[in-house]
Amino acid sequence: MSQPPAPHPASEPLFTAVAINTEGIDGESFVEGGGLRVAVASPTSPDRAETTNPEELLALSWVTCLNAAARVVAGPGVDVEARSEISLHARAEGGFEFAGRAELRFVGVPLEEAHALAAAAHERCPVSRMLSGRSAVRVTAVA
């Protein structure tokens, strides 16, 4: 059964980040306009010294977003710890895919309430929504 199309944003962007990569998995990725520059290498490469990869970058993005969303839904005074994992898997059809898993800890909050807060944070976090196929994402070719 196919999923319904992802909704389109209802407003103009508040911020847009533009990232560029011209060398593929072994090279450099950077944020346009003088932002962050990172050396990238395949996570399976034996020589990954001082590099990162899409899995690590995605995990960082998701954990940061989830923690911020969790702090909003938990309210002031609740300490939140977030952890995310992005793993790379080979696909039977060829190629690769990611799998993700995240944990949120709401310090001092009973587990049943923490489950509800985690669900609310997952719903609020834009990275979670994009990873779940609930955000507008498109890829186009340009000349």
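Just so it is clear, the model here is predicted, and its values are computed rather than measured.

Draft legend 1. Structural context of the environment of R37. Mapped onto the secondary structure, R37 falls in strand β3 (residues 37–40). As for R37 and I20, which are separated by 17 residues in sequence, their C-alpha atoms are 9.6 Å apart. Those residues in contact with R37, other than ones at most four positions away along the chain, are E28, S29 and F30.

Draft legend 2. Representation of the packing of aromatic side chains. Counting across every chain of the model gives zero aromatic pairs. Taking NZ or CZ as reference, R37 lies 4.3 Å from the ring centre of F30, over its face.

Draft legend 3. Broad picture of unusual backbone geometry. One non-glycine residue, E50, adopts positive backbone phi at about 55 degrees. Note that E50 resides in the loop between β3 and α1 (54–74).

Draft legend 4. Here's a closer look at the sheet that holds strand β1 (residues 19–21). Read across the sheet, three strands follow the order β1-β2-β3 without closing on themselves; strand pairing throughout is antiparallel. The sheet terminates laterally at β1 and β3, the two strands that pair on one side only. Between one strand axis and the next, the sheet turns by 20 degrees as a mean value, whatever way the strands run.

Draft legend 5. The side chain of S84, seen in detail. Structurally, S84 can be placed in strand β4 (residues 80–90). Within the structure, S84 has its side chain in polar contact with the backbone oxygen of A59 (distance 2.8 Å). Every residue in contact with S84, bar those within four places of it in the chain, is listed here: A59, W62, V63, R101 and A102.

Draft legend 6. A look at the pattern of salt bridges. Taken as a whole and assessed by the stated rule, the structure comprises nine salt bridges. Note that E28 is salt-bridged to R37, the shortest N-O span being 2.9 Å. For R37, a relative accessible area of 49% puts it in the partly exposed group. For R91, the salt bridge identified is with E93, shortest N-O distance 2.9 Å. The partly exposed category is assigned to R91, whose relative accessible area is 37%. Bridged by salt links that share partners, the residues R83, E85, R101 and E103 form one connected network.

Draft legend 7. Focus on the pairing of strand β2 (residues 27–31). Alignment of β1 against β2, held across three bridges, turns out to be antiparallel. For A19, the partnering residue across the bridge sits in β2 and is V31. Between β1 and β2, which follow one another and run antiparallel, lie five residues, and G24 among them has a positive phi close to 80 degrees. Here β2 hands over to β3 after five residues, with G33 in that stretch at a positive phi of 85 degrees.

Draft legend 8. Just the nonpolar core, in detail. Core analysis: the biggest nonpolar cluster contains 19 residues, and L104, F106 and C125 have the highest contact counts within it. Only α1, β4, β5 (96–106) and α2 (111–124) provide two or more residues apiece to this core.

Draft legend 9. Highlighting the layout of surface pockets. Quantified by volume, the largest pocket comes out at close to 1700 Å³. Looking at the largest pocket, it is lined by 38 residues, and the ones nearest its centre are T16, A17, M130, A136 and V137. Mapped onto the lining of the largest pocket, the elements with two or more residues apiece are β1, β2, β3, α1 and α3 (126–131).

Draft legend 10. Representation of a nonpolar patch on the surface within the structure. Where nonpolar side chains cluster on the molecular surface, the patch consists of L88, F96 and F98 and spans about 310 Å² of accessible area. Tracing the backbone through its elements, the reader meets F98 in strand β5.

Rules used in this analysis
- Residues numbered from 1 in each chain as written.
- Predicted model: local features only at pLDDT ≥ 70, side-chain atom pairs only at ≥ 80, totals over all residues.
- Heavy atoms only, no water.
- Helix = DSSP H or I, 4+ residues; strand = E, 2+ residues; numbered from the N terminus.
- Contact = heavy atoms within 4.5 Å.
- Phe/Tyr/Trp six-rings, centres within 6.5 Å; stacked < 30°, edge-to-face > 60°.
- Lys NZ or Arg CZ within 6 Å of the ring centre and 35° of its normal.
- Pairing = 2+ DSSP bridges.
- Axes fitted to C-alpha atoms, helices over the stretch in contact; angles between N-to-C directions.
- Polar contact = N/O pair within 3.5 Å; in protein donor to acceptor, adjacent residues only side chain to side chain.
- Salt bridge = Lys/Arg side-chain N within 4 Å of Asp/Glu carboxyl O.
- Buried < 20%, exposed > 50% of the residue type's maximum accessible area, 1.4 Å probe, protein only.
- Core = buried A, V, L, I, M, F, W, Y, C linked by side-chain atoms within 4.5 Å.
- 1 Å grid on protein atoms, 1.4 Å probe; cavity = no way out; pocket = protein on both sides within 12 Å on 5 of 7 lines; lining within 4 Å.
- Points joined across faces, edges and corners; volume = space filled by probe spheres on them.
- Patch = residues over 30% accessible without salt bridge, like charges linked within 9 Å, V, L, I, M, F, W, Y side chains within 5 Å.
- Areas by Shrake-Rupley, 256 points an atom, 1.4 Å probe, with all protein chains shown as cover.

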